[in-house]
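# Overview (structure and organization)
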Amino acid sequence: METPQPSEPLSFTVSGHISKTCHEVYEAVADSDQLSCYFTTGGAKGRLEVGTEVTWDFHDFPGRFPVQVIQNIQDKKIVIKWAGEWAAADDGMNTVTFEFQPIAEATRTKVKITEAGWLSTPQGLAGALGNCEGWTGMLAAMKIWLEHGINLREGFYK
(Lines give C-alpha, C1' and ligand atoms only; values in the text may rest on other atoms or scores of the structure.)
Protein backbone atom coordinates (compact mmCIF):
# COMPACT_ATOMS: atom_id res chain seq x y z
CA MET A 1 0.00 0.00 0.00
CA GLU A 2 1.35 3.43 -0.96
CA THR A 3 1.78 6.15 1.61
CA PRO A 4 -0.45 9.12 0.75
CA GLN A 5 1.52 12.14 -0.38
CA PRO A 6 0.84 15.48 1.28
CA SER A 7 -1.34 17.80 -0.73
CA GLU A 8 -0.16 21.18 -1.89
CA PRO A 9 -0.53 23.88 0.76
CA LEU A 10 -3.79 25.80 0.53
CA SER A 11 -3.97 29.42 -0.60
CA PHE A 12 -6.64 31.96 -1.44
CA THR A 13 -6.90 35.36 -3.10
CA VAL A 14 -9.35 38.19 -2.43
CA SER A 15 -9.53 41.43 -4.35
CA GLY A 16 -11.40 44.70 -4.55
CA HIS A 17 -11.32 48.15 -6.12
CA ILE A 18 -10.67 51.38 -4.23
CA SER A 19 -11.22 54.83 -5.71
CA LYS A 20 -7.79 56.14 -4.74
CA THR A 21 -4.37 56.06 -6.43
CA CYS A 22 -1.99 53.12 -5.97
CA HIS A 23 0.22 55.34 -3.84
CA GLU A 24 -2.63 56.24 -1.46
CA VAL A 25 -3.77 52.62 -1.15
CA TYR A 26 -0.22 51.29 -0.78
CA GLU A 27 0.42 53.81 2.03
CA ALA A 28 -2.80 52.74 3.79
CA VAL A 29 -1.25 49.26 4.11
CA ALA A 30 2.46 50.14 4.56
CA ASP A 31 2.01 52.97 7.09
CA SER A 32 1.30 51.64 10.59
CA ASP A 33 -0.58 54.80 11.64
CA GLN A 34 -3.02 54.47 8.75
CA LEU A 35 -3.37 50.69 9.16
CA SER A 36 -4.29 51.27 12.82
CA CYS A 37 -7.18 53.53 11.77
CA TYR A 38 -9.17 50.86 9.95
CA PHE A 39 -7.66 47.36 10.46
CA THR A 40 -5.34 46.72 13.40
CA THR A 41 -7.72 47.83 16.13
CA GLY A 42 -5.07 47.37 18.83
CA GLY A 43 -2.50 49.22 16.77
CA ALA A 44 0.28 48.49 14.33
CA LYS A 45 3.93 49.19 15.07
CA GLY A 46 6.51 49.62 12.34
CA ARG A 47 6.27 50.48 8.67
CA LEU A 48 6.00 47.55 6.25
CA GLU A 49 9.55 47.77 4.91
CA VAL A 50 12.12 45.00 4.62
CA GLY A 51 14.22 44.84 7.78
CA THR A 52 11.70 46.69 9.98
CA GLU A 53 10.33 45.08 13.14
CA VAL A 54 6.57 45.11 12.73
CA THR A 55 3.71 43.97 14.97
CA TRP A 56 -0.03 44.03 14.49
CA ASP A 57 -2.48 43.93 17.40
CA PHE A 58 -6.25 43.43 17.26
CA HIS A 59 -8.57 44.28 20.18
CA ASP A 60 -11.18 41.91 18.77
CA PHE A 61 -8.65 39.03 18.39
CA PRO A 62 -6.27 39.59 21.30
CA GLY A 63 -2.62 39.08 20.80
CA ARG A 64 0.21 40.90 19.15
CA PHE A 65 1.28 39.28 15.88
CA PRO A 66 4.85 39.67 14.64
CA VAL A 67 5.02 40.45 10.92
CA GLN A 68 8.11 39.86 8.77
CA VAL A 69 8.40 41.98 5.62
CA ILE A 70 9.86 39.87 2.81
CA GLN A 71 9.46 42.26 -0.13
CA ASN A 72 8.36 45.83 -0.64
CA ILE A 73 8.00 47.49 -4.04
CA GLN A 74 6.71 51.05 -3.60
CA ASP A 75 3.09 51.44 -4.78
CA LYS A 76 3.06 47.93 -6.34
CA LYS A 77 3.60 45.08 -3.91
CA ILE A 78 4.18 44.12 -0.28
CA VAL A 79 4.97 40.54 0.79
CA ILE A 80 4.86 39.59 4.47
CA LYS A 81 5.06 36.43 6.56
CA TRP A 82 3.17 35.90 9.77
CA ALA A 83 2.35 32.97 12.03
CA GLY A 84 -0.40 30.62 10.98
CA GLU A 85 -1.61 28.04 13.50
CA TRP A 86 -2.00 25.50 10.71
CA ALA A 87 0.81 26.69 8.44
CA ALA A 88 2.46 24.08 6.23
CA ALA A 89 5.92 25.68 6.29
CA ASP A 90 8.52 24.44 8.77
CA ASP A 91 8.80 27.96 10.23
CA GLY A 92 5.04 28.02 11.01
CA MET A 93 4.53 31.09 8.84
CA ASN A 94 2.14 31.89 6.00
CA THR A 95 2.98 34.30 3.20
CA VAL A 96 0.64 37.21 2.45
CA THR A 97 1.06 39.20 -0.76
CA PHE A 98 -0.58 42.60 -1.33
CA GLU A 99 -0.62 43.75 -4.96
CA PHE A 100 -1.69 47.21 -6.12
CA GLN A 101 -2.70 47.71 -9.77
CA PRO A 102 -3.68 51.09 -11.23
CA ILE A 103 -6.95 51.18 -13.18
CA ALA A 104 -9.22 53.87 -14.65
CA GLU A 105 -6.33 56.09 -15.74
CA ALA A 106 -4.64 55.49 -12.35
CA THR A 107 -7.50 57.12 -10.39
CA ARG A 108 -8.53 53.75 -8.93
CA THR A 109 -6.61 50.78 -7.60
CA LYS A 110 -7.29 47.08 -7.78
CA VAL A 111 -6.00 45.50 -4.57
CA LYS A 112 -5.28 41.78 -4.55
CA ILE A 113 -4.41 39.94 -1.31
CA THR A 114 -3.17 36.35 -1.46
CA GLU A 115 -2.38 34.25 1.60
CA ALA A 116 -0.56 30.98 1.00
CA GLY A 117 0.81 28.18 3.11
CA TRP A 118 -2.07 26.53 4.94
CA LEU A 119 -1.90 22.78 5.58
CA SER A 120 -4.26 20.72 3.42
CA THR A 121 -6.12 19.42 6.48
CA PRO A 122 -9.53 20.21 7.97
CA GLN A 123 -7.80 22.51 10.50
CA GLY A 124 -5.77 24.20 7.75
CA LEU A 125 -8.91 24.71 5.68
CA ALA A 126 -10.72 26.24 8.68
CA GLY A 127 -7.76 28.58 9.28
CA ALA A 128 -7.61 29.58 5.62
CA LEU A 129 -11.35 30.28 5.49
CA GLY A 130 -11.15 32.36 8.67
CA ASN A 131 -8.30 34.45 7.29
CA CYS A 132 -10.06 34.75 3.92
CA GLU A 133 -12.94 36.34 5.82
CA GLY A 134 -10.47 38.59 7.64
CA TRP A 135 -8.71 39.83 4.50
CA THR A 136 -12.06 40.44 2.79
CA GLY A 137 -13.07 42.50 5.82
CA MET A 138 -9.77 44.36 5.66
CA LEU A 139 -10.40 45.29 2.00
CA ALA A 140 -13.91 46.53 2.77
CA ALA A 141 -12.66 48.47 5.82
CA MET A 142 -9.80 50.00 3.82
CA LYS A 143 -12.16 51.07 1.03
CA ILE A 144 -14.63 52.77 3.37
CA TRP A 145 -11.78 54.37 5.37
CA LEU A 146 -9.96 55.76 2.34
CA GLU A 147 -13.04 56.85 0.42
CA HIS A 148 -15.23 58.09 3.32
CA GLY A 149 -13.13 58.25 6.53
CA ILE A 150 -15.30 55.71 8.38
CA ASN A 151 -13.85 52.97 10.61
CA LEU A 152 -15.91 49.95 9.51
CA ARG A 153 -14.09 47.45 11.72
CA GLU A 154 -14.78 49.18 15.05
CA GLY A 155 -17.25 46.93 16.88
CA PHE A 156 -17.68 44.64 13.87
CA TYR A 157 -16.33 41.44 15.45
CA LYS A 158 -17.31 42.07 19.09
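Above this text you will find the structure in question.
Residues numbered from 1 in each chain as written. Predicted model: local features only at pLDDT ≥ 70, side-chain atom pairs only at ≥ 80, totals over all residues. Heavy atoms only, no water.

## Some details on the nonpolar core
A general trend in soluble globular proteins is that nonpolar side chains are found buried together. Counting 35 residues, the largest nonpolar core has Leu48, Trp56, Phe98, Trp135, Met138 and Met142 as its most contacted members. Setting aside anything within four residues of it in sequence, one finds Phe98 in contact with Val29, Trp56, Lys76, Lys77, Ile78, Ile80, Lys112, Ile113, Trp135 and Met138. (Core = buried A, V, L, I, M, F, W, Y, C linked by side-chain atoms within 4.5 Å. Buried < 20%, exposed > 50% of the residue type's maximum accessible area, 1.4 Å probe, protein only. Contact = heavy atoms within 4.5 Å.)

## Considerations on the side chain of Thr114
Along the polypeptide, Thr114 turns up in strand β7 (residues 108-118). Since its relative accessible area comes to 18%, Thr114 is described here as buried. Of note is the side chain of Thr114, whose polar atom sits 2.8 Å from the side chain of Thr13. Contacts of Thr114, omitting those with residues within four sequence positions, involve Phe12, Thr13, Thr95, Val96 and Thr97. (Helix = DSSP H or I, 4+ residues; strand = E, 2+ residues; numbered from the N terminus. Polar contact = N/O pair within 3.5 Å; in protein donor to acceptor, adjacent residues only side chain to side chain.)

## Topic: the packing of aromatic side chains
Across all of its chains, the model carries 10 aromatic pairs by this definition. Note on Tyr26 and Phe100: the rings are 5.7 Å apart at their centroids and 75 degrees apart in plane angle, and the pair reads as edge-to-face. Here Tyr26 is found in helix α1 (residues 22-30), whereas its partner Phe100 is found in strand β6 (residues 93-103), with 74 residues between them in sequence. Here Tyr26 matches Phe100 in class, with each residue buried. Ring centres of Trp82 and Trp135 lie 5.5 Å apart, and the angle between their planes is 45 degrees; on these two criteria the pair is classed as tilted. Linking Trp82 in strand β5 (residues 77-83) with Trp135 in helix α3 (residues 122-148), this pair joins segments that are 53 residues apart in sequence. Exposure remark for Trp82: the relative accessible area of 9% places this residue in the buried category. An aromatic cluster is defined as three or more aromatic residues linked by ring pairs; in this entry it consists of Phe39, Trp56, Phe58, Phe65, Trp82, Phe98 and Trp135. (Phe/Tyr/Trp six-rings, centres within 6.5 Å; stacked < 30°, edge-to-face > 60°.)

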